Each structure stands twice: as C-alpha cells, then as structure tokens.
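So the chains spell out like this:
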Amino acid sequence: MFLPEGSQDETGNLISNRLTALEIFRRITNSRNFRPISTPVVEYASTFTNDVAGMDLQWMLKWFNSDGEIEVLRPDWTAAIARAIASQHPSERKWTYQGSVFRMDKHGTENRQAGIEIVHEERFLGESESLLTAAAYLNELNISNYVIELSHTGIFEGILTLYPLNDEQKRQLHDAMYEKQEDYVKEILKNTNAESLIQPLIELMDAYGSREIIDEYKQRWQDTPSLLEILDQIEELIRLLEQAKVPEVIIDLGRVKNLPYYDGIMFRGFLVEDGSTCFSGGRYDRLYKQFELQTSAVGLAFDVDVLAKHMPVIQPSEKLCFIVDSTTHAYAEQYRIEHPDLRIDIRYSVDSELVYDRIYHVIKDRETYKVVER
Ligand SMILES: N[C@@H](Cc1c[nH]c[nH+]1)C(=O)O
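Residues numbered from 1 in each chain as written. Predicted model: local features only at pLDDT ≥ 70, side-chain atom pairs only at ≥ 80, totals over all residues. Heavy atoms only, no water.

Position of I155 relative to the elements: it lies in helix α5 (residues 153-160). I155 sits in the buried class, given a relative accessible area of 0%. Taking the C-alpha atoms as reference, I155 lies 25 Å from L271; in sequence the two are 116 residues apart. Excluding its chain neighbours within four sequence positions, the residues that come into contact with I155 are L204, W221, L227, I230 and L253. (Helix = DSSP H or I, 4+ residues; strand = E, 2+ residues; numbered from the N terminus. Buried < 20%, exposed > 50% of the residue type's maximum accessible area, 1.4 Å probe, protein only. Contact = heavy atoms within 4.5 Å.)

Below you can see the structure in the form of structure tokens.
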C-alpha cells in the first residue's frame, strides 16, 4: 500500500509540536480579540479562480460534482474567508483560523496553516496588528531567530505603468522578477520599445537588505511621488517594528506578489536557521471588490509544519508502566487520574522492558493497594 506523491503519514514529536503550536496560536489570537472562523474544506473552484482572486486551477485538487461544477479542496484560507464574511456585518474586524490548505505546487499537497485576517480596519493599524501578532506568537513559541521582510506590490507594478508593455510582457516580467532571473528580463525587453526598463528592473532585483535601501531609493525616485509614498509606508512599519523590539526587519523592493490578490504591503517571516518561510501575508483590499465592498483587508498565515519542525524539542516525560490485573486495574486508573503529569501505561504483562523507563507492579494486600517498583 503506497501513498500518492505529496501525502505522508506522521507520528510522534512533530505532531505534538504542531498541536502545541496551534494551541498557543489559539491562545495568542484569543487574547488579542480575534474571532475564530472556519470554512469548509470543499468549495467551488470559482471562489479561488475568479478574476479577482486569480489563483491557478492547475495546482488545485479538483473534481466535477454531479452538476458539472468544479469543486476543490481549499487551496487558500484568505479567499475562502473573504467569501464567508463579505455578507457579514462589518463590526467584526479580526478573524483567526487554523487548518489545512491543499495545493500541488508546494512540497507536500497538504499544508497546515494558522492565520489571521483583519478586515474593515484602518490601513496602518491592520498592518501593524498583523505583524505584531506574528511577533508575539513567535516569541511565545520561543523562536527568536527570525527576520521579517517587507515589500510592496505597487513598486514593480507602478514602474511597469511607465513603459509601453502588453499583458503578456507584463506577465513574463513578473515571472522573471519572481525567479530573480536577470537574463530572462533582458530577453523579454531586448529590441522592444521598453528596452530602457532592463537596467531599473535588474537593479530592483538587488534592492533588498536593511532599511538603508529606503534612503537610497528615496533619492532615486524623488520625482515619482507614488513610489515615495510606498517607501514612506514601509518606513512607518519598520519604525513600529523596531520600537516593538522585533529582532530584524529587512526590505525587498524588487519582490513581486506570490498570490495574485495582493495589492499593497506584503510580508514574510524567515527562520534564520535554514531560511525557511514561517509566515507570509499582505494587503488584499481588491479581493472584496468582487462583493462590491470597498474596504481594507490584510492578514498573514503561519506555516505550522515549518514551525513544528523548528520548535525547541520538548523533553518527553519518563515512561512508566503499571502492571496490574483485573482486581488492581481500577486503582491504577484512579492513580493515573490523580497524577495527570505522569505518563503511565497500564499493562497486564510486559514482554519488552526496554519500552519503559520504570516498571511498577500494583499489588492488592487485603484492602490496601501498593505500587512497587520492579
Ligand atoms: N493566504 C496566504 C496568506 C495570507 C493571509 N492573509 C493574507 N495572506 C497564503 O496562503 O500564503
């Protein structure tokens, strides 16, 4: 019996870590007044593939239902939650969720997430609350070696509007920037009437690092107010994160969006140990336009599988075994209830002693019970 590619069984530590991570997320978000929300695992594909959400059907796990409509396993929480809350009264602003997303473009088709979405909130407050919640959560998980990266969809997209490009060229340039492939940028623009865009885009690919980059680009873009405004927004967030003692913040001015619905600030959290991405998110006001709502929306989701792998190992408690018979079983059970911190297995006999750290016999001596180490 084999499993399809991308599916896997799991046992032991990774599962305990994941459950601990989810429990701490629930506690942190509850204490910050987020309201839990859950949406079904099965949805219509159109919730994610419509013009605004823009996700690619190719990577979804999908089938036809009996009416000939395409259904999918939830590939993304953010679009599902937008569908779910668009019809709700806007007084509720902060939402939290936990559960799997299914996409075939990731390692493993199933990916467990824990996330937050902040809707109808003032722009800066929504963004800062998203990032401060992420920082508070990582702190609670005892993960301090991480970096927050800030970027903005409006930089690459804003620069492109200054050049005569068709949609196909824009799409190709997006892919080239996403992969940070200089040669591809050159190939797309060579001998076109936007050839002068090659140099700025290649420089933009290298525009990442600490906040000094912002000062440099303020100079370069001094005649483009829309880009300067974006730099101000990023700077405002950095200032807040620094005041909140977030360990390290970097900027990537050349980053393009990884999900089609982003339109504004984007953020990611990296674990220094191996560079893995532990959270990802951003602003996506436009997702609500499909429901004729002009509003503000921002959020982020943690990859709980990545967190579980990096959480400090919790030392398992000693494994104890109580050997009982039918007359002493109930006593041993009561003992277990009264000592919830101990890890006690009850057996009638033990063949392999190596499984346990200590083995006890539970003995009935007239009306009293004794627990005696073997
Ligand atoms: N849904 C995004 C994360 C996110 C939450 N809110 C905004 N973005 C993802 O799966 O990467």
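From this point on, the discussion continues.
Further remarks concern a negative patch on the surface. Among the surface-exposed residues, E182, D183, E187 and D206 lie close enough to one another that they form a single negatively charged patch. Structurally, E182 is set in helix α7 (residues 182-189). (Patch = residues over 30% accessible without salt bridge, like charges linked within 9 Å, V, L, I, M, F, W, Y side chains within 5 Å. Areas by Shrake-Rupley, 256 points an atom, 1.4 Å probe, with all protein chains shown as cover. Salt bridge = Lys/Arg side-chain N within 4 Å of Asp/Glu carboxyl O. Lys, Arg positive; Asp, Glu negative; His and termini not counted. Charge placed at Lys NZ, Arg CZ, Asp CG, Glu CD.)

D76, T78, E117, Y262 and G299 are the nearest of the 15 residues found near the ligand. Residue G299 places a main-chain N or O atom 3.3 Å away from a nitrogen atom belonging to the ligand. A distance of 3.4 Å is found between a nitrogen atom of the ligand and a backbone nitrogen or oxygen belonging to L300. About the coverage of the ligand: the protein hides 97% of its 300 Å² of free accessible area. Taken together, the elements giving at least two residues each to the shell around the ligand come down to β6 (110-119), β11 (277-283) and β12 (297-303). For the shell around the ligand, the residue count by class is seven nonpolar, six polar and two charged. (Near = heavy atom within 4 Å. Polar contact = N/O pair within 3.5 Å; in protein donor to acceptor, adjacent residues only side chain to side chain. Nonpolar A, V, L, I, M, F, W, Y, C, P; charged D, E, K, R; others polar.)

Next up on the list: the sheet that holds strand β13 (residues 319-323). Read across the open sheet, the four strands follow the order β14-β13-β15-β16; overall the sheet is mixed. Strand pairing shows two members of the sheet lacking a second neighbour, β14 (343-347) and β16 (368-373), which therefore form its edges. Between one strand axis and the next, the sheet turns through 30° on average, direction left out of account. One ladder, built from four bridges, connects β13 with strand β15 (residues 358-365); its direction is parallel. Bridge assignment links I323 to a residue of β15, and that residue is H361. Set on the sheet, helix α12 (residues 329-338) makes contact with β13, β14, β15 and β16; between it and β14 the angle comes to about 170°. (Pairing = 2+ DSSP bridges. Axes fitted to C-alpha atoms, helices over the stretch in contact; angles between N-to-C directions.)

Listed under "binding site: L-histidine" (unreviewed entry) in the UniProt record, and renumbered for this structure, are D76, W77, T78, R103, Q113, E117, Y261 and Y262. Within the secondary structure, R103 sits in the loop between β5 (94-102) and β6. Taking the relative accessible area as the measure of exposure, R103 reaches 12% and is therefore buried. Within polar-contact distance, the side chain of R103 engages the backbone oxygen of P75 at 2.8 Å. The topology assignment puts Y262 in the loop between β9 (249-252) and β10 (265-271). Judged by its relative accessible area of 5%, Y262 is buried. Other than its neighbours up to four places away in sequence, Y262 contacts T153, K257, S280, G281, G282, R283, Y284 and R286. (UniProt positions renumbered as here; feature names shortened; annotations may be inferred.)

Position of H310 among the secondary structure elements: in helix α11 (residues 304-310). The class for H310 is buried, based on a relative accessible area of 15%. Sequence separation of H310 and Y261 is 49 residues, and the distance between their C-alpha atoms is 29 Å. Once residues within four sequence positions are removed from consideration, H310 is found in contact with L271, E273, D274 and S276. Only 2.8 Å separates the side chain of H310 from the backbone oxygen of V306, close enough to count as a polar contact.

Taken as a whole and judged by the stated rule, the model has 33 salt bridges. The residue E129 makes a salt bridge to R32 at a minimum N-O spacing of 3.1 Å. One end of the pair, E129, is in helix α4 (residues 123-140); the other, R32, is in the loop between α1 (13-31) and β1 (35-36), with 97 residues separating them in the sequence. Its relative accessible area of 15% is what places E129 among the buried residues. Overall, R32 belongs to the partly exposed group, its relative accessible area being 23%. In this structure, the salt-bridge partner of E127 is R123, at a minimum N-O distance of 3.1 Å. You can see E127 and its partner R123 sitting in helix α4, four residues apart, about one turn around the helix.

Grouped together as the largest cluster of nonpolar side chains are 67 residues, with contacts concentrated most on L150, L173, L189, L204, L253, F279 and F302. Element by element, the count of residues in this core is highest for helix α10 (residues 225-243), at seven residues. Grouped together as the second largest cluster of nonpolar side chains are 28 residues, F48, A82, L287 and A297 included. (Core = buried A, V, L, I, M, F, W, Y, C linked by side-chain atoms within 4.5 Å.)

The strands that make up a sheet are held in pairs by hydrogen bonds between backbone atoms, and each pair lies either parallel or antiparallel. Reading across from one edge, β2-β4-β3 is the order of the three strands in this open sheet, with antiparallel pairing throughout. Two strands bound the open sheet, and with one partner strand each, they are β2 (42-44) and β3 (62-64). Mean inter-strand twist for the sheet, computed between neighbouring axes without regard to direction, equals 35°. Summarising the sheet, β2 and strand β4 (residues 70-73) pair through three bridges and their orientation is antiparallel. Note that in β4 the partner of E43 across the bridge is V72.

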